[in-house]
Amino acid sequence: MPHFYTEPTITVLARPQFAEPAHLPVQWMGEGTDGERLAEFAGRLCYMSQKNPASRTTRDYLENIKKQGHGSVLEHANYSLLLEGVSRSLTHELVRHRAGFAYSQLSQRYVDESDAAFVVPPAIIGDEALRAAWQAQVEGAQATYVALVDRLMERYQWVDDKVHRRKMAREAARGVLPNSTETKIVVTGNARAWRTMLELRSSEAAEFEIRRMAVAVLRAMQAEAPAFFSDFEIYVAADRVEAARIGYHKV
Ligand SMILES: Cc1cc2nc3c(=O)[nH]c(=O)nc-3n(C[C@H](O)[C@H](O)[C@H](O)COP(=O)(O)OP(=O)(O)OC[C@H]3O[C@@H](n4cnc5c(N)ncnc54)[C@H](O)[C@@H]3O)c2cc1C
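Since this is a predicted model, take the numbers as computed values, not measurements. (Residues numbered from 1 in each chain as written. Predicted model: local features only at pLDDT ≥ 70, side-chain atom pairs only at ≥ 80, totals over all residues. Heavy atoms only, no water.)

Caption draft 1: Focus on the overall build of the chain. The helix and strand tally for the chain stands at 8 helices and 8 strands. Scaling as 2.2 N^0.38, a compact globule of 251 residues should have a C-alpha radius of gyration of about 18 Å, whereas the chain reaches 22 Å, well beyond that. On the principal axes, the C-alpha backbone points of the chain span a range of 75 × 50 × 25 Å. Counting every position in the chain, which comprises 251 residues, the buried fraction comes to 43%. Taking contacts inside the chain between residues at least 6 apart in sequence as the whole, the part at least 24 apart equals 73%. With an accessible surface of roughly 13,200 Å², the chain has 50% of that area assigned to carbon and sulfur atoms. One finds the centroid of the 31 positive side-chain charges in the chain at a distance of 5 Å from the centroid of its 32 negative side-chain charges. (Helix = DSSP H or I, 4+ residues; strand = E, 2+ residues; numbered from the N terminus. Rg over C-alpha atoms; globule rule 2.2 N^0.38 Å. Buried < 20%, exposed > 50% of the residue type's maximum accessible area, 1.4 Å probe, protein only. Contact = heavy atoms within 4.5 Å. Areas by Shrake-Rupley, 256 points an atom, 1.4 Å probe, with all protein chains shown as cover. Lys, Arg positive; Asp, Glu negative; His and termini not counted. Charge placed at Lys NZ, Arg CZ, Asp CG, Glu CD.)

The following block contains the structure:
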């Protein structure tokens, strides 16, 4: 039986490492992560205000940046996340976010999906009858995939390059795999891009699975770099599912 995911797994793969130049020291105040310091350094360079005349903590400084809408300063800080336990339909929506993002996703042409996992659509979780109907379709699709790959490998026996032959078989057979097939994706984005995506996808208008992912990513990023994401508020919406709203829209 395949593995069934009921929530995503989010791993922070990379974060900024700030190396302050000795000839332009900043009068830092308060706590700050490397990503936050990098953004503050970039912002202060614009006005050569390294002496911190307003005596602002890093987090106050970045709060003001967000309030003023100087979002380009946030573009210096990039974070890479590994998302697992998410469906192909989720990533199809996610990769629409272009500006400031880079993606690398598991290839269904190269990777054997005979043992692929699946993501249970959140609206189905907790209802046994719905779950059974969904699961029967998913398992049937996977069995058809396995049979198609076998037959296509036979059909194209004359292709000498076995790697190429497998690719030909898998890229055709994947057509029967459902949107719920689990995938893995590495997503790199700058803090401004993450904010824009999270605003759209954690909202009540977003589809349940991507909304759940966005709320989970938001929690991870609030722990990672609070100054960039502290104006988001997570709440339980009228549909009894978590959503989030942003304080400073489209910085
Ligand atoms: C609730 C919801 C429902 C949706 N439903 C659908 C749907 O039914 N069908 C569908 O196709 N899509 C749908 N989408 C996807 C949506 O249309 C966008 O593709 C997606 O939200 C990414 O937004 P974006 O283009 O602003 O993001 P990004 O590509 O990250 O762009 C961010 C910002 O950069 C600027 N920008 C980026 N590229 C350009 C450009 N080429 N020219 C000028 N400015 C640019 C814009 O200001 C843009 O807002 C939906 C999205 C949401 C949140």
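Caption draft 2: Representation of the nonpolar core within the structure. Counting residues in each nonpolar core, the largest one holds 35 residues, and the members touching the most others are L83, W194 and F228. Elements represented by at least two residues in this core include exactly α2 (58-68), β3 (78-87), α3 (88-94), β6 (182-190), α6 (191-201), α7 (208-224) and α8 (226-229). At 6 residues, the largest contribution of residues to this core is made by α7. Those residues in contact with L83, other than ones at most four positions away along the chain, are T9, I10, L94, T183, K184, I185, V187, M213 and V217. Core analysis: the second largest hydrophobic core is formed by 7 residues, Y145, L152, A169 and A173 among them. (Core = buried A, V, L, I, M, F, W, Y, C linked by side-chain atoms within 4.5 Å.)

Caption draft 3: Region of the structure containing the site of the ligand. Taken together, R96, H97, R98, A99, L200, R201, A205 and K250 make up the full set of residues adjacent to the ligand. In this structure, R96 approaches the ligand through a side-chain N or O atom, which is 2.8 Å from an oxygen atom. Contact between the ligand and R98: an oxygen atom at 2.7 Å from a side-chain N or O atom of the residue. Out of a free accessible area of 940 Å², the ligand has 44% covered by protein chains. In terms of residue class, the shell around the ligand is made up of 3 nonpolar, 1 polar and 4 charged. (Near = heavy atom within 4 Å. Polar contact = N/O pair within 3.5 Å; in protein donor to acceptor, adjacent residues only side chain to side chain. Nonpolar A, V, L, I, M, F, W, Y, C, P; charged D, E, K, R; others polar.)

Caption draft 4: Here's a closer look at the sheet that holds strand β2 (residues 9-14). If you walk across this open sheet you meet the 4 strands as β2-β3-β6-β4, and the pairing is antiparallel. Either end of the sheet is taken by a strand with one partner, and the two such strands are β2 and β4 (101-105). Adjacent strand axes in the sheet meet at a mean angle of 20° when their direction is disregarded. Where β2 meets β3, 5 bridges bridge the pair, whose relative direction is antiparallel. Directly across from T11, in β3, lies its bridge partner L82. Sitting on the sheet, α6 touches β3, β4 and β6, and the angle it makes with β6 is about 125°. (Pairing = 2+ DSSP bridges. Axes fitted to C-alpha atoms, helices over the stretch in contact; angles between N-to-C directions.)

Everything listed here is a matter of coordinates, which is why it stays silent on function.
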